[in-house]
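Analysis of the macromolecular model
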Amino acid sequence: MEDFRRSYLRLCKEGGIDAQESVLAQLHDARTVTGSCRLDLRGQSITVDTCSVLGRVLQSDAVFTEVLLSDCMLSEEGVKLLLNGLCSNTTVKVLDLKGNNMRGTGAEALGQLLVRNKMLRRLVLEWNALGMWEEGFGVFCEGLASNTSLAQLDLRNNQINHQGAAELCIALKRNSTLQELDLRWNNIGLLGGRSILEAMQQNRTLNKLEMAGNNIPSDTLRAIEQSMNHNADRQSTLRESRSRTQVLSKEIQLLKEEKSRQFLSLMETIDRQKDEMGRSSRNSSIRLGQLQEVLSEQKSSVNSLTAKLQMTEAALALSEQKAHDLGELLTRVKLEKAELRDRQSREIKKEQEDSALKEAKLLKEVNSASEKNLQLRNKLEETERRCKTQQDQIFELKQELTNTTAELKLRLAQTEERLEMEKRRSKQALEDMDGLRQKEVDHLTRHQEESERALQERILKLEGQRIQLEEELSRVKASLVTERAQAEEELGKVRAQVRLEEQQHLTSLEEKLRAVRQSRDESQNHCTHQKQTIAELHAKVGQQSIEMDTLRRRIDELQQDLAGKEQEKVAEVTRVRVELQEQIGHLQAERTAQSGLKEKIAALEREMKVLSTAHREALLDKESEISSLLERLRIREGEIQRIREDEAQRASFLQNAILTYVQGSPLAHFSPKK
């Protein structure tokens, strides 16, 4: 209110207008009455400037709901400015312009107000002269025809004649919101009364019409009153039907809300159980994944161990091949040595035979060379001694090889005994571990089977309940749709009947009393028919409840069938679980066997490493010895070749010396004579 007063003063200052003290006092004393803010300026003379300022203020500020401007001696221009400001107002519901002597411009402004304003509910225009100005009153009637908010209109003492009444009737035919109209103390006359009666035959909302003091005959007034009563009855029936439809709609909404709540609660429980099942399934899947990962790791480790075994076997085969090659080399060296010995012995024998022959032939000539032969024999003996020493060394090497092979065989036998002992111990440990693991697996599988059975039973029960509720919802929805269609059909029938009744009223104006009685009888019959329809609807609801009971029984039977099927499924699941447990037991046994094999393989690898290191060391020693022996043989072969060369040179020297000696001896001169 204070804001409205301030805006009023501001606009007065902006326009250079003196604010009226009476208006300010009324604004200061304005108070809230029954929840509505009232602007009461009754009996105050308001100028054009204040009207313009009030129009601006009411256009911008939405404060007042009632504006009372009766007997304010408003001018035409002031009324126009004030009503133009109220055109865009959204709060004023009551406007009182009583006793302001409005004319054509005021009526036109009122028509624009009724066209543009959508919030005005009550308009008081008593003691004005609107009917005297036909054009302005026509604009006012056009605005009233297009208005959709006005419910009460007071046109008392406005000098409305039969022409104005005709225009007003045209507006009433088009208007569908006006409920109360006061036309007392005008000059409507017989023609105006008939036109109003015709309008009332088409208007269905006007239920209160005051027509006193208009020079209208009594029969027309009675007809108008009858039409008013008919409209009142129609509106009462419509209100009852609306209230019933509202009650039914509320009940339907309540049922829908209850069903939706039940459905949401069931869905929440189902979602929770699904979440629990999902968590349990996730945990089981995670456990299975972990077991599979462990199995895959064990398989990969077993594969790696088998690869290592293959590698070790290949290395052993290579070492055996190397040892075999070395043995073959040793045998070849021995054969070469034997061949060399045979050659040497043969050569020596040949030389001895040659020397014996030469000695037999040259006994007489080789006395001087006997010493040299003795020296040569001594050298040969030394070489034979060296050969014997070499043969002794080779024999010692053979003995060492036999000793090393015997030691290796003993070590292999000891390692085999140790492996057998470790196998026995590992078998016992594995058997103990298998028993413990089997017990743990049995316990876990039992617990898991029990939890899965309980969860499956809960899921199946909840699914059955959800299916039942969905079926019930679908059936209730279908029944509601059918009932709604039936109600709409009934409403259409009622509307068609009302239209037929109206046509009958138009055609049978002469038989009014009888038509009214018939309409009352028809309305009563209609009420009874509606009651019958309601009873039928209640019967249908009872039948639907019976059908729901039968459906529930059928659902119980289906649940029992589902329980039997669930038991079968549980038996199948238990059988599959038993098979899986057997497979898991086999896999665990294989795992234990693989772990034992891994340990054995590790022990064998260690022993193989030790043996390979020992073999390598022995082979290196033997290779070093063989290389030293080969070097010695080469040195000795060089010495033998040197000795042969020396002996050949000496023999050639001896032959030359013997030949020269024989040629120079006296026997050579006598030999031809002989």
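Residues numbered from 1 in each chain as written. Predicted model: local features only at pLDDT ≥ 70, side-chain atom pairs only at ≥ 80, totals over all residues. Heavy atoms only, no water.

Overview of a positive patch on the surface
Applied cut-off: Like charges are joined within 9 Å and nonpolar side chains (Val, Leu, Ile, Met, Phe, Trp, Tyr) within 5 Å, but only among residues with over 30% relative accessible area and no salt bridge; these make up the patches. Here the open area of atoms and residues is found with the Shrake-Rupley method and a 1.4 Å probe, where only the protein chains shown may cover a residue. Put simply, a salt bridge is a Lys or Arg side-chain nitrogen that is within 4 Å of an Asp or Glu carboxyl oxygen. Positive charge is attributed to Lys and Arg, negative charge to Asp and Glu, and no charge count is given to His or to the chain ends. Charge placement uses NZ in Lys and CZ in Arg. For Asp and Glu, CG and CD serve respectively. Each helix corresponds to a stretch of at least 4 residues labelled H or I by DSSP, and each strand to a stretch of at least 2 residues labelled E; elements are numbered beginning at the N terminus. Only protein chains enter the area calculation, which uses a 1.4 Å probe; residues under 20% of their type maximum are buried, those over 50% are exposed, and those in between are partly exposed.
Taken together, the side chains of Arg-343, Arg-346, Lys-349 and Lys-350 present a region of like positive charge at the surface. Within the secondary structure layout, Arg-346 lies in helix 9 (residues 218-361). With relative accessibility at 56%, the residue Arg-346 sits in the exposed group.

As for the side chain of Thr-592
Which entries qualify depends on this criterion: Here, two residues are considered to be in contact whenever any of their heavy atoms come within 4.5 Å of each other.
Its location among the elements puts Thr-592 in helix 11 (residues 512-664). When sequence neighbours within four positions are dropped, the list of residues in contact with Thr-592 reads Leu-430, Asp-434 and Arg-437.

Remarks on unusual backbone geometry
You will see that Gln-159, though not glycine, has its phi angle at about 55 degrees, which is positive. Among the structural elements, Gln-159 can be located in the loop between strand 6 (152-154) and helix 7 (162-174). On the accessibility criterion, Gln-159 (46% relative accessible area) is partly exposed. Here the phi dihedral of Trp-185 falls at roughly 60 degrees; this positive angle occurs in a residue that is not glycine.

Some details on the packing of helix 5 (residues 104-116) against helix 6 (residues 134-146)
Convention followed: Here an axis means a line fitted to C-alpha atoms, over the contact stretch when the element is a helix, while the angle between two N-to-C directions is reported on a 0 to 180 degree scale. An angle below 35 degrees is read as roughly parallel, one above 145 as roughly antiparallel, one from 65 to 115 as roughly perpendicular, and any other as oblique. Following the grouping adopted for this structure description, the nonpolar residues are Ala, Val, Leu, Ile, Met, Phe, Trp, Tyr, Cys and Pro, the charged ones are Asp, Glu, Lys and Arg, and the polar ones are all others, Gly among them.
Axis separation between helix 5 and helix 6 bottoms out at 7 Å; the angle between their running directions is 10 degrees. Relative to helix 6, the element helix 5 is oriented roughly parallel. Between helix 5, through Gly-104, Ala-107, Glu-108, Leu-110, Gly-111, Leu-114 and Val-115, and helix 6, the contact on the second element is made entirely by Gly-136, Phe-137, Val-139, Phe-140, Gly-143, Leu-144 and Ser-146. Taken together, the residues that form the contact of helix 5 with helix 6 break down as eight nonpolar, five polar and one charged.

Regarding the packing of helix 6 against helix 7
Selection criterion: Here is the rule for handedness: rotate from the far helix to the near one, and if that takes an anticlockwise turn smaller than a right angle the crossing is left-handed, while a clockwise turn gives right-handed.
Axis separation between helix 6 and helix 7 bottoms out at 8 Å; the angle between their running directions is 15 degrees. Taken together, the axis directions place helix 6 and helix 7 in an arrangement best described as roughly parallel. By crossing handedness, the relation of helix 6 to helix 7 is classed as right-handed. Contacts between helix 6 and helix 7 involve Glu-134, Phe-137, Gly-138, Cys-141, Leu-144 and Ala-145 from the first element and Gln-163, Gly-164, Glu-167, Leu-168, Ala-171 and Arg-174 from the second. In terms of residue class, the contact of helix 6 with helix 7 is built from six nonpolar, three polar and three charged.

Notes on the pattern of salt bridges
Throughout the structure, instances matching the rule amount to nine salt bridges. Here Arg-156 makes a salt bridge to Asp-182, at a shortest N to O gap of 3.3 Å. Of this pair, Arg-156 sits in the loop between strand 6 and helix 7 while Asp-182 sits in strand 7 (residues 180-182); the two residues are 26 residues apart in sequence, bridging distant segments of the chain. Neither residue differs from the other here; Arg-156 and Asp-182 are each classed as buried.

Some remarks on the environment of Leu-419
Here Leu-419 shows up in helix 10 (residues 370-507). When sequence neighbours within four positions are dropped, the list of residues in contact with Leu-419 reads Ala-603, Leu-604 and Glu-607.

Thoughts on the side chain of Glu-647
Relative to the assigned elements, Glu-647 resides in helix 11. It is Arg-650 that comes nearest to the buried, bridge-free Glu-647 among opposite-charge side chains, at 6.4 Å. Other than its neighbours up to four places away in sequence, Glu-647 contacts Glu-351, Leu-376 and Leu-380.

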